[in-house]
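Per-entry structural report
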Amino acid sequence: MTLDERLQNVAVIGAAGKMGSGIGVLIAQEMAKLKLQKENRDKVYRLVLIDISEKALDGLRAYMRTQLTKVAEKSTVLLRKLYEDRDDLIENADIINTFVDDATSVLNFTTDIDVAKDAHLVFEAIVENEKIKIKIYKKLKKICSDTTFFLTNTSSIPISYLDDKAGLDGRLIGYHFYNPPVVQRLVEVISAKTTTEELRNLGQELGKRLRKKLVPSNDISGFIGNGHFMRDGLYAISEVERLKGKFRFPGAVYIMNRITQDFLIRPMGIFQLIDYVGIDVFQCILKVMRTHLGDKTLKSRVIDRLVKDGVLGGQYPDGSQKDGFLKYEKNRPVGIYNFRKKEYFMLNDKWRKKVDEKIGPLPEATLPWRALLGAPNREDLLKKHFASLKTMKTMGAELALDFLKKTKEIGEKLVSDGVANSADDVNAVLTNGFYWLYGPINNFL
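Quick caveat, the model's predicted, so the values are computed rather than measured. (Residues numbered from 1 in each chain as written. Predicted model: local features only at pLDDT ≥ 70, side-chain atom pairs only at ≥ 80, totals over all residues. Heavy atoms only, no water.)

**Things to note about the overall build of the protein**
Along its length, the protein carries 17 helices and eleven strands. The C-alpha atoms of the protein give 23 Å as radius of gyration, which agrees with the globular expectation for 445 residues (22 Å, within 12%). Each of the three principal axes of the protein carries a C-alpha extent, and together these read 70 × 50 × 40 Å. Across the 445 residues that make up the protein, the buried fraction comes to 53%. At a minimum sequence separation of 6, the contacts of the protein that also span at least 24 residues come to 71%. (Helix = DSSP H or I, 4+ residues; strand = E, 2+ residues; numbered from the N terminus. Rg over C-alpha atoms; globule rule 2.2 N^0.38 Å. Buried < 20%, exposed > 50% of the residue type's maximum accessible area, 1.4 Å probe, protein only. Contact = heavy atoms within 4.5 Å.)

What follows is the structure, given as structure tokens:
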């Protein structure tokens, strides 16, 4: 069966979640474009969007229409060609509205997983819980055809483990989109030894169709993305534990968050990133990796205490951040959680100035992440920045250079442990999936 044939009937499990909804938009637009081709106009296309919550599905309906409208607005040249025999569509608005109507006509919203029985492709983007995933896959195996392929968005559970426990006989592949799937170019592709050649090839063809950058990761828990992110986060937490005696917990968090954002020139500090992902999600992924790798160091007392206190981070439906390590107003940190008082210590200019003086200044020529993002001489500017840090005898410079060294060690170990095939693959995941300006395996030190 070709990819075009499989795209006639697709299901997304966990469709109302932040990952499932984005995958739904990507697949819906491809199905609609196929349906508009002359040779396909008599064929029936169905995208079944499945979730456990009727309320969440109501929100998904509005989200899909909004996102498909944005897609159409960016694709008017292509859509004019697809609708070239429609003399009644004159203005761009006519074409956009017609495409959105055609695209939404393939959608079927439901809480009934049995509706996935005729799907040729099933995308799974449910909670990162292997017991629940295995239960869902066993159910899907019973109701779907023996030719159905399954693509899981797991970010940490080995594909071979899921495949074996669910008895899918190689019809499962890891297809790890990054958040948000509609925007992020990166997809980590993880094949188990049993994954069929046909499914591997389909994964490659689908990635090209979706205009994604595919990076292969080997089937080892955490893969490249979380394999690096979890250890990066744990190192930051270990530094907080070391610094909190002198600066207290809020001060230590502020310092390491600023070091990772301003001194390492990343889009956000490490604790803001953990909050963005979700502290409970971070804890869950650590548990999965600890279990499958047998590595007891993949655990954090700080993370466990935050979850116990109900401090979970994450995102609201509109993408804004929930409070976690940091408290947010208009997506900007304004406070830091204080374990002792179980409330947020609110940042003020006097306190920031005092701590910033302890950290020390940035090199004079340093530009922030956003300014460097489009700089044509970015590599040279980064080299100058880190070279300057090496000449500075400040706490901030020392913490940043130690972090740069640690993050490189983490990346290199992913290669030596066989998680990644090369340093380029590690760097590709961090630059494309995490929007770093440079890969962790570099020569800046």
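What follows continues from the structure just given.
**Description of the packing of helix α2 (residues 18-36) against helix α5 (residues 92-104)**
The geometry of α2 relative to α5 is characterised by a closest axis approach of 9 Å and an angle of 105° between their N-to-C directions. When the interaxial angle is binned, α2 and α5 end up roughly perpendicular. Across the interface between the two elements, Gln29, Ala32, Lys33, Lys35 and Leu36 of α2 pack against Phe99, Asp102 and Ala103 of α5. Taken together, the residues of the contact of α2 with α5 break down into four nonpolar, one polar and three charged. (Axes fitted to C-alpha atoms, helices over the stretch in contact; angles between N-to-C directions. Parallel < 35°, antiparallel > 145°, perpendicular 65-115°, else oblique. Nonpolar A, V, L, I, M, F, W, Y, C, P; charged D, E, K, R; others polar.)

**Things to note about the environment of glutamate 128**
In this structure, glutamate 128 sits in the loop between β4 (121-124) and α6 (130-143). Once residues within four sequence positions are removed from consideration, glutamate 128 is found in contact with Lys133, Thr154, Ser155, Ser156, Ile157, Cys284 and Val288. From its side chain, glutamate 128 meets the backbone nitrogen of serine 155 in a polar contact 2.9 Å long. In terms of polar contacts, glutamate 128 uses its side chain to reach the side chain of serine 156, at 2.7 Å. (Polar contact = N/O pair within 3.5 Å; in protein donor to acceptor, adjacent residues only side chain to side chain.)

**Things to note about the sheet that holds strand β3 (residues 107-110)**
Strand order in the open sheet made by the eight strands is β3-β2-β1-β4-β5-β6-β7-β8, with mixed pairing throughout. The sheet is open, and its two edges are formed by β3 and β8 (213-217), each paired on a single side. Each strand axis lies, on average, 25° off the axis of its neighbour in the sheet, ignoring direction. Packed onto the sheet, α6 meets β1 (9-13), β4, β5 (149-152) and β6 (172-177) and runs at close to 165° relative to β5. Contacts from helix α8 (residues 197-209) reach β4, β5, β6 and β8, with the element oriented near 25° to β6. (Pairing = 2+ DSSP bridges.)

**With respect to the UniProt feature "domain: 3-hydroxyacyl-CoA dehydrogenase C-terminal" (unreviewed entry) in the protein**
Mapped onto this structure's residue numbering, the UniProt feature "domain: 3-hydroxyacyl-CoA dehydrogenase C-terminal" (unreviewed entry) falls at residues 266-317. Along residues 266-317, the helical share is 60% and the strand share 0%, with 24 Å between the first and last C-alpha atoms. (UniProt positions renumbered as here; feature names shortened; annotations may be inferred.)

**Focus: the UniProt feature "domain: 3-hydroxyacyl-CoA dehydrogenase NAD binding" (unreviewed entry) in the protein**
In the numbering used here, UniProt assigns the "domain: 3-hydroxyacyl-CoA dehydrogenase NAD binding" (unreviewed entry) feature to residues 9-219. The span residues 9-219 shows a helical share of 45% and a strand share of 18%, and its end C-alpha atoms are spaced 28 Å apart.

**Quick word on the nonpolar core**
Counting residues in hydrophobic clusters, the biggest one holds 74 residues, and the most contacted among them are Ile255, Phe271 and Phe325. Of all the elements, helix α9 (residues 225-263) adds the most residues to this core, at 17 residues. Excluding residues within four positions of it along the chain, isoleucine 255 makes contact with Leu243, Phe247, Val355, Ile359, Met395 and Leu399. Core analysis: the second largest hydrophobic core is formed by 50 residues, Ala15, Leu34, Phe149 and Val189 among them. (Core = buried A, V, L, I, M, F, W, Y, C linked by side-chain atoms within 4.5 Å.)

**Digging into unusual backbone geometry**
Leave glycine aside and you will find that most residues have negative phi; peptide bonds, for their part, are mostly trans. In this model, asparagine 179 is joined to proline 180 through a cis peptide bond whose omega is -5°. As for its position among the elements, proline 180 is in the loop between β6 and β7 (186-190). In the Ramachandran plot, isoleucine 265 falls in the positive-phi region, its phi being about 55° despite a non-glycine side chain. Here isoleucine 265 is to be found in the loop between α9 and α10 (270-277). For isoleucine 265, a relative accessible area of 2% corresponds to the buried category.

**Observations regarding the side chain of threonine 76**
By secondary structure assignment, the location of threonine 76 is in helix α4 (residues 76-82). Judged by relative accessible area, threonine 76 falls into the buried class, the value being 17%. With sequence-adjacent residues up to four places away left out, threonine 76 is seen in contact with Asn92 and Ile96.

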